[in-house]
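Here is how the chains run, residue by residue.
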Amino acid sequence: GKLRIGYSTEAARSIPPAAVSEKVKAAVEETAELLRSLGHQVSRRDPDWGSIGNRVAARYLRGIHDDVELVPHPERLELRTRRFGQLGSLVSDHVLEQARGPAADRDRQRVWRLFDDCDLLLTPVMGGTALPLRHWEGRNALRIMLGQTRFYCFTPVWNHLGNPAASVPAGFDADGLPLAVQLIGRFGDEGTLLSVAAQLEAERPWADRRPPL
């Protein structure tokens, strides 16, 4: 049936601003136009992110720290993983409790208002196409964290809020690298999310696409 679908290329900000390429924005615009041609009501809708990035960063880093603490042989981990664990030790129990509890509830109340008049939200998945291998190799943990925050700026918020989300292929750029868009549904509404993903796959098949080896 006809759905109300919002789309946005505005990412939640943490410490540094997001870096979103024009090719990624174009993939979202093209997918929005495809959904519009299929009969859906599509309009631009930017979520009210507020300072949600601060909670995401706190949960991410503290989660790494806690996992490192549970590893039988932490010395076998990559150096940057151990360094991330050290950064996570700076996140106190109180900050973590707030990020997972009262602050997360406020984030949901604010961001979820978008779904009062949208059935789905369409966004990029990452700020660009796939990064080269070893892109972060040899950099210190803080610099890696800041770089990743700028690039992987669209998916972590939904882990924090608990919404179902799906990465859907959206063609290729001029260099042959795959593009994708993200569909996000209301809390607990996987059915609508999967049905629209299936509709996009039927209109823009990808199962037979394989990279040359």
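The preceding data block contains the structure.
The structure displayed is predicted, hence computed values, not measured ones. (Residues numbered from 1 in each chain as written. Predicted model: local features only at pLDDT ≥ 70, side-chain atom pairs only at ≥ 80, totals over all residues. Heavy atoms only, no water.)

### Some remarks on the packing of aromatic side chains
The tally for this structure, following the rule as stated, stands at five aromatic pairs. Look at Y60 and F84: their rings are 6.4 Å apart centre to centre, the planes differ by 75°, and that puts the pair in the edge-to-face class. Of this pair, Y60 sits in helix α2 (residues 52–70) while F84 sits in helix α3 (residues 79–88), placing them 24 residues apart in sequence. Residue Y60 is classed as partly exposed on the basis of its relative accessible area of 39%. Aromatic ring contacts, followed pair by pair, group W49, F115 and W158 into a single cluster. (Phe/Tyr/Trp six-rings, centres within 6.5 Å; stacked < 30°, edge-to-face > 60°. Helix = DSSP H or I, 4+ residues; strand = E, 2+ residues; numbered from the N terminus. Buried < 20%, exposed > 50% of the residue type's maximum accessible area, 1.4 Å probe, protein only.)

### What to know about the packing of helix α4 (residues 93–100) against helix α5 (residues 102–111)
The contact between α4 and α5 brings their axes to 3 Å, and the two run at 30°. Here α5 runs roughly parallel to α4, going by the angle between their axes. Packed against α4, whose contacting residues are E97, Q98, A99 and R100, the element α5 presents P102, A103 and A104 at the interface. (Axes fitted to C-alpha atoms, helices over the stretch in contact; angles between N-to-C directions. Parallel < 35°, antiparallel > 145°, perpendicular 65-115°, else oblique. Contact = heavy atoms within 4.5 Å.)

### Focus on a nonpolar patch on the surface
On the surface, I15, L142 and L146 cluster together into a nonpolar patch covering about 280 Å² of accessible area. Note that I15 resides in the loop between β1 (4–7) and α1 (22–37). Under the relative-accessibility criterion, I15 is labelled exposed at 61%. (Patch = residues over 30% accessible without salt bridge, like charges linked within 9 Å, V, L, I, M, F, W, Y side chains within 5 Å. Areas by Shrake-Rupley, 256 points an atom, 1.4 Å probe, with all protein chains shown as cover. Salt bridge = Lys/Arg side-chain N within 4 Å of Asp/Glu carboxyl O.)

### A word on the pattern of salt bridges
Scanning all chains against the criterion turns up 16 salt bridges. The partner of E33 in a salt bridge is R36, and the shortest N-O contact between them spans 2.7 Å. In this pair, E33 and R36 both sit in helix α1, three residues apart, roughly one turn of the helix. Judged by its relative accessible area of 44%, E33 falls in the partly exposed class. A salt bridge links D48 to R113; its shortest N-O distance comes to 3.8 Å. Residue D48 is found in the loop between β2 (41–44) and α2, and its partner R113 is found in the loop between α5 and β3 (120–124); the two are separated by 65 residues along the sequence. Beyond isolated ion pairs, a larger network of salt bridges with shared partners links D48, R55, D107, R110 and R113.

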